[in-house]
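The residues making up each chain are set out below.
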Amino acid sequence: MKISEADILIVPGLGNSGEGHWQRRWAERFSTGRVVEQDEWDRPLLPDWTARLQREITNATRPVVLVGHSLGVSTLVHTAQLLHDTKVRGALLVSPPDLESETVIADLPHEVRSFRNVPRDPLPFPSLLVASTNDSYVSVDKAVDMSTAWGSELHLAGEAGHINVASGHGPWPEGLLMFTRLMQRLKL
């Protein structure tokens, strides 16, 4: 599938993906890409975030490919369980947080706890999970566990932190190559 044949829905995490973040760059670069904008970026509630994503998927005019980062991945996986006869053809899952870890969740806003109990059912579409070996929000073992549960292909990106601007991943050309590879596997 070509990028131009799909609605690319970009699903940022807590605090949104600010200027310079690879998700924002991709949204600007892809003619069919757009960011799923949430009403509340800093004190998120799971029902609100999943409802918005579900609405965006429903309103899409082409097949959908999702690109989630961090808490956006958790949103995407929760939403996947609500979709029936979906237009979603695939997903790129980048740096999913381990919300069951007290160490990870301790410094996050209390509302993030509503995202816990992320479903472990296989996703109903192909997916590629990208995680780094030194992300403070998820261990390699937990990333392997998530990819196995969700039926996702796993790519370990080395020591790449949380794969965001703070870890030096503004443009993130390696991610774009992985996304292109995923798109080539997808069917209309």
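Residues numbered from 1 in each chain as written. Predicted model: local features only at pLDDT ≥ 70, side-chain atom pairs only at ≥ 80, totals over all residues. Heavy atoms only, no water.

**Q** Account for the overall build of the protein, naming residues and giving values.
**A** In terms of helices and strands, the protein carries 6 helices and 6 strands. Reading the secondary structure of the protein in the N-to-C direction produces β-α-β-α-β-α-β-α-β-α-β-α. Computed over the C-alpha atoms, the radius of gyration of the protein is 15 Å, within 12% of the 16 Å expected from 2.2 N^0.38 for a compact globule of 188 residues. For the C-alpha atoms alone, the extent of the protein along its principal axes is close to 40 × 30 × 30 Å. Burial status across the protein gives 55% buried among its 188 residues. (Helix = DSSP H or I, 4+ residues; strand = E, 2+ residues; numbered from the N terminus. Rg over C-alpha atoms; globule rule 2.2 N^0.38 Å. Buried < 20%, exposed > 50% of the residue type's maximum accessible area, 1.4 Å probe, protein only.)

**Q** Break down the packing of aromatic side chains for me, citing the residues and quoting the values.
**A** For the structure shown, the criterion picks out 8 aromatic pairs. Centre to centre, the rings of Trp26 and Trp172 are 6.0 Å apart; their planes meet at 5°, and the pair counts as stacked. Linking Trp26 in helix H1 (residues 22-29) with Trp172 in the loop between strand S6 (153-156) and helix H6 (173-185), this pair joins segments that are 146 residues apart in sequence. There is no split in this pair, since Trp26 and Trp172 are both buried. Summarising the aromatic geometry, the rings of Phe30 and Phe179 are spaced 5.5 Å apart at their centres and angled 20° between planes, so their arrangement reads as stacked. (Phe/Tyr/Trp six-rings, centres within 6.5 Å; stacked < 30°, edge-to-face > 60°.)

**Q** For the side chain of Gln23, give the residues involved together with the corresponding values.
**A** Position of Gln23 relative to the elements: it lies in helix H1. Within the structure, Gln23 has its side chain in polar contact with the side chain of Ser17 (distance 2.5 Å). Other than its neighbours up to four places away in sequence, Gln23 contacts Ile10, Val11, Pro12, Ser17, Val67, Gly68 and His69. (Polar contact = N/O pair within 3.5 Å; in protein donor to acceptor, adjacent residues only side chain to side chain. Contact = heavy atoms within 4.5 Å.)

**Q** Account for the sheet that holds strand S1 (residues 7-11), with residues named and values stated.
**A** In space, the 6 strands of this open sheet follow the order S2-S1-S3-S4-S5-S6, with parallel pairing throughout. Lying at the two open borders of the sheet, with one neighbouring strand each, are strand S2 (33-35) and S6. On average, each strand axis in the sheet is inclined to that of its neighbour by 20°, with strand direction left out of account. Sheet topology places strand S5 (residues 127-131) next to S6; 4 bridges connect them, and they run parallel. What sits directly across from Leu129, in S6, is Leu154. (Pairing = 2+ DSSP bridges. Axes fitted to C-alpha atoms, helices over the stretch in contact; angles between N-to-C directions.)

**Q** Describe the nonpolar core, naming the residues involved and giving the relevant values.
**A** If you look at the biggest cluster of nonpolar residues, it comprises 35 residues, and the most contacted ones within it are Ile57, Leu66, Leu93, Phe125 and Trp150. Here this core takes 5 residues from helix H3 (residues 71-80), the largest share from any one element. Look past the residues within four positions of Leu93 in its chain and what remains in contact with it is Gly68, Val73, Leu76, Leu123, Ser127, Leu128, Leu129, Val130, Trp150 and Ser152. Formed by 24 residues, the second largest nonpolar core is a distinct cluster that contains Ala27, Leu92, Ile163 and Trp172. (Core = buried A, V, L, I, M, F, W, Y, C linked by side-chain atoms within 4.5 Å.)

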